[in-house]
Amino acid sequence: MKLYRFLTGPDDSSFCHKVTAALNKGWELHGSPTYAFNATTGEMQCGQAVTKTVHGKDYDSEMKLGEQ
């Protein structure tokens, strides 16, 4: 099965750590990162899509994607 996640977070090191952790768990970058201003919080926000192929499992909408 192929999984997709869209990681988001503030424009700081915590976002970089979130993406790095996903990469080290076998996720791969998918497309370009995004960058947008959140007018409610007054902060810049980052986003990055990641995908992962998991063999031997079937997709279930109840699964926690980050734990795969």
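See the structure printed just above.
We now turn to the structure provided with this report.

### Overview of the packing of aromatic side chains
- In total, this model carries zero aromatic pairs according to the counting rule given.
- The ring of Trp 27 has Arg 5 sitting right over it, with the charged end atom 5.0 Å from the ring centre.

### As for the pairing of strand 3 (residues 43–53)
- Note that strand 1 (residues 2–10) and strand 3 share nine bridges and pair antiparallel. Paired with Leu 7 across the strands is Gln 48, a residue of strand 3.

### Remarks on helix 1 (residues 13–24)
- Between its first and last C-alpha, helix 1 extends 16 Å over 12 residues, near the 16 Å set by a 1.5 Å rise per residue.
- Buried-residue contacts for helix 1 involve strand 1, strand 2 (28–38) and strand 3.
- Phi turns positive one or two residues past the end of helix 1, at Gly 26, with a value near 100°.

How each quantity is defined
- Residues numbered from 1 in each chain as written.
- Predicted model: local features only at pLDDT ≥ 70, side-chain atom pairs only at ≥ 80, totals over all residues.
- Heavy atoms only, no water.
- Phe/Tyr/Trp six-rings, centres within 6.5 Å; stacked < 30°, edge-to-face > 60°.
- Lys NZ or Arg CZ within 6 Å of the ring centre and 35° of its normal.
- Pairing = 2+ DSSP bridges.
- Helix = DSSP H or I, 4+ residues; strand = E, 2+ residues; numbered from the N terminus.
- Expected span 1.5 Å × (residues − 1).
- Contact = heavy atoms within 4.5 Å.

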